[in-house]
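Residue-level structural notes
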Amino acid sequence: PALATLADVAAACDICARTGQTADFDLSRLEKASRALIAETLGQGEVSMRLRGKPALMVQESVFAGVWLMAGAGVDRIEVAPVPGLSISRAFTAAKPARRTLVKRGPGVVNAPPILAELLDKSASHIAGDLPHVVNLTLLPHTEEDLAWLAEALGEGAVTILSRGYGNCRITATAIAPIWRVQFYNSQDNLILDTFEITAMPEVAL
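Attention in this report is confined to the structure presented alongside it. (Residues numbered from 1 in each chain as written. Predicted model: local features only at pLDDT ≥ 70, side-chain atom pairs only at ≥ 80, totals over all residues. Heavy atoms only, no water.)

Another aspect to go through is the packing of helix α1 (residues 2-19) against helix α2 (residues 32-42). Running from N to C, α1 and α2 cross one another at 40°; their axes reach a closest spacing of 9 Å. Regarding the angle of α1 to α2, the classification is oblique. In the packing of α1 onto α2, the handedness of the crossing is right-handed. Here α1 contributes Ala2, Leu3, Thr5 and Leu6 to the contact with α2, which in turn contributes Ser34, Leu37, Ile38, Thr41 and Leu42. When its residues are assigned to classes, the contact of α1 with α2 shows 6 nonpolar, 3 polar and no charged. (Axes fitted to C-alpha atoms, helices over the stretch in contact; angles between N-to-C directions. Helix = DSSP H or I, 4+ residues; strand = E, 2+ residues; numbered from the N terminus. Parallel < 35°, antiparallel > 145°, perpendicular 65-115°, else oblique. Left-handed = near helix turned anticlockwise from the far one by under 90°. Contact = heavy atoms within 4.5 Å. Nonpolar A, V, L, I, M, F, W, Y, C, P; charged D, E, K, R; others polar.)

Looking at the secondary structure, you find Pro113 in helix α4 (residues 112-125). A residue is classified by how much of its surface remains accessible, and Pro113, at 18% relative accessible area, is buried. In sequence terms Pro113 and Leu150 are 37 residues apart; their C-alpha atoms lie 8.0 Å from each other. Beyond its immediate sequence surroundings of up to four residues, Pro113 is in contact with Arg105 and Trp149. (Buried < 20%, exposed > 50% of the residue type's maximum accessible area, 1.4 Å probe, protein only.)

So, on to the sheet that holds strand β4 (residues 67-72). Whenever strands of a sheet pair, they do so through backbone hydrogen bonds, lying parallel or antiparallel. An order of β1-β5-β4-β3-β2-β7-β8-β9-β10-β6 is seen for the 10 strands of this open sheet, with the pairing classed as antiparallel. Of all the strands in the sheet, just β1 (23-26) and β6 (133-136) have a single pairing partner and so form its edges. For this sheet the average axis-to-axis angle between neighbouring strands, irrespective of direction, equals 20°. (Pairing = 2+ DSSP bridges.)

Turning next to the pattern of salt bridges. Side chains bearing opposite charge may pair, as long as their charged atoms lie close to each other. Under the criterion given, the structure shown has 10 salt bridges. With a closest N to O distance of 2.8 Å, Asp26 and Arg29 form a salt bridge. Under the relative-accessibility criterion, Asp26 is labelled partly exposed at 45%. Exposure remark for Arg29: the relative accessible area of 74% places this residue in the exposed category. (Salt bridge = Lys/Arg side-chain N within 4 Å of Asp/Glu carboxyl O.)

So yeah, pure geometry; function would need other evidence.
Below you can see the structure in the form of structure tokens.
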């Protein structure tokens with residue numbers, strides 16, 4: 001059963017690469033030895049995700065690009081796709097609501113309001129297929145109060161992604177579609193690039 005499932009997954013990868021058609025495979029009915037063989041064969045890639053909602057899901061990329069293992073209450077399956085569909089459909093479901101311009105401005109809030117205005121404007125006009133719009137906080141003057149104000153204004157969505165490599169890239173959905181916070185850290189876990197991306201899914205997660 002494990003070999004048959006893996007053959008089906010390989011065929012689905014070929015179809016997805018050529019046509020974009022995604023596929024799902026339920027692993028919950030496999031007996032223990034077959035399930036262990038699939039886990040060993042697929043391994044663990046660099047990208048993992050946490051999806052809030054019902055059921056809450058943990059997602060782990062395999063060593064094969066576009067092959068994702070998804071686990072949660074009553075869920076044990078493989079999805080063949082650029083990213084799991086639920087990581088897009090659930091992303092901007094508010095875990096912490098966006099307050100937008102209703103957040104009180106303290107004395108340290110200097111550049112956050114115009115940054116928010118740009119993010120709201122670009123997100124409202126974003127159309128599927130558009131190139132990502134990136135606001136690079138690392139290159140902009142800002143205070144700690146600015147960052148805290150933006151976090152309150154944008155809220156928090158339901159999807160958190162970690163992409164490991166030489167350093168880590170932490171990707172967090174806001175509560176406003178399609179705005180993501182994308183932060184790159186070096187091998188010492190120091191923040192070296194801090195951005196907002198307006199896109200359906202940041203490229204680094206695909």
